[in-house]
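Coordinate analysis (summary)
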Amino acid sequence: MSTPDLSSLIRNIPDFPQPGIQFKDITTLIGNGPAFQQVIGALVERYQNAGIDAVAGVESRGFIFSAPIALHLGVGLVPIRKPGKLPAETYQIEYELEYGTSKLEIHRDALSPGMRVLLIDDLLATGGTIRAATQLVERAGGNVTELAFVIELTFLGGREKLAPYPVFSLIQF
Ligand code: AMP
């Protein structure tokens, strides 16, 4: 069986959700079994001997990738969610978007002090979302080991803004 070309399976939708945005649609990637398997397999291989204690995923497309990775690594999954979704005590952070602000939350008791946390989202654009997520992980007592993405939009320079956190991405545009 031939190896799927992952970048050709990501569908570009111009002007979604607003004019000027080139939206990278991952439904065409995860809808292809061998491609989905290849993505999860590559990330699991990278982290299986990295001493990861927990995987944290960012709502909602981050959950699609973080859950199978946590399962394969044999560690717990910590959801980082939009406000009002997590039922127990949370830490909340507000962060800047291109237009306006947004908020994310983590359960206060989601991590034990010093846990090595792998943070996962589907896509790195400007880096604002994942930076907010790193702050939540640290407030909950975790140490961020690496930030992992399926897709990186390199022309936005998110990686540089996230220094000194190590950043890894599978597919770059
Ligand atoms: P940012 O905070 O700018 O790094 O944006 C990252 C978040 O927004 C991720 O959760 C992505 O799912 C989403 N996102 C930003 N830009 C795009 C894009 N061009 N295509 C798909 N998703 C995007």
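Now for a look at the structure at hand.

Conventions adopted
Residues numbered from 1 in each chain as written. Predicted model: local features only at pLDDT ≥ 70, side-chain atom pairs only at ≥ 80, totals over all residues. Heavy atoms only, no water. Helix = DSSP H or I, 4+ residues; strand = E, 2+ residues; numbered from the N terminus. Buried < 20%, exposed > 50% of the residue type's maximum accessible area, 1.4 Å probe, protein only. Lys, Arg positive; Asp, Glu negative; His and termini not counted. Salt bridge = Lys/Arg side-chain N within 4 Å of Asp/Glu carboxyl O. Polar contact = N/O pair within 3.5 Å; in protein donor to acceptor, adjacent residues only side chain to side chain. Contact = heavy atoms within 4.5 Å. Pairing = 2+ DSSP bridges. Axes fitted to C-alpha atoms, helices over the stretch in contact; angles between N-to-C directions. 1 Å grid on protein atoms, 1.4 Å probe; cavity = no way out; pocket = protein on both sides within 12 Å on 5 of 7 lines; lining within 4 Å. Points joined across faces, edges and corners; volume = space filled by probe spheres on them. Nonpolar A, V, L, I, M, F, W, Y, C, P; charged D, E, K, R; others polar.

If you trace the backbone, Lys24 turns up in strand S2 (residues 22–25). For the buried residue Lys24, which engages in no salt bridge, the nearest side chain bearing the opposite charge is Asp25, 11 Å off. A polar side-chain atom of Lys24 sits 2.6 Å from a polar atom in the side chain of Asn12. Residue contacts for Lys24: discarding those within four places in its chain leaves Ile10, Arg11, Asn12, Leu123, Ile151, Leu153 and Phe173.

Two modes of strand pairing occur in sheets, parallel and antiparallel, and in both the strands are linked by backbone hydrogen bonds. Strand order in the open sheet formed by 5 strands is S4-S3-S7-S8-S9, with parallel pairing between adjacent strands. Unpaired on one side and paired on the other, strand S4 (76–80) and strand S9 (167–172) mark the two borders of the sheet. Each strand axis lies, on average, 20° off the axis of its neighbour in the sheet, ignoring direction. Helix-sheet contacts for helix H2 (residues 33–47) involve strand S7 (116–124), strand S8 (143–152) and S9, and the interaxial angle to S9 is about 155°. Taken strand by strand, helix H4 (residues 128–139) contacts strand S3 (54–58), S4, S7 and S8, and its axis lies near 160° from that of S7.

One number sums up the size of the largest pocket: a volume of about 1,200 Å³. Lining the largest pocket we find 35 residues, and of these Arg61, Leu97, Leu123, Ala125 and Thr129 sit closest to its centre. Secondary-structure elements contributing two or more residues to the lining of the largest pocket are S2, strand S5 (90–96), strand S6 (101–107), S7 and H4. With 4 residues, the single largest contributor to the lining of the largest pocket is S7. Classifying every residue of the lining of the largest pocket gives 18 nonpolar, 9 polar and 8 charged.

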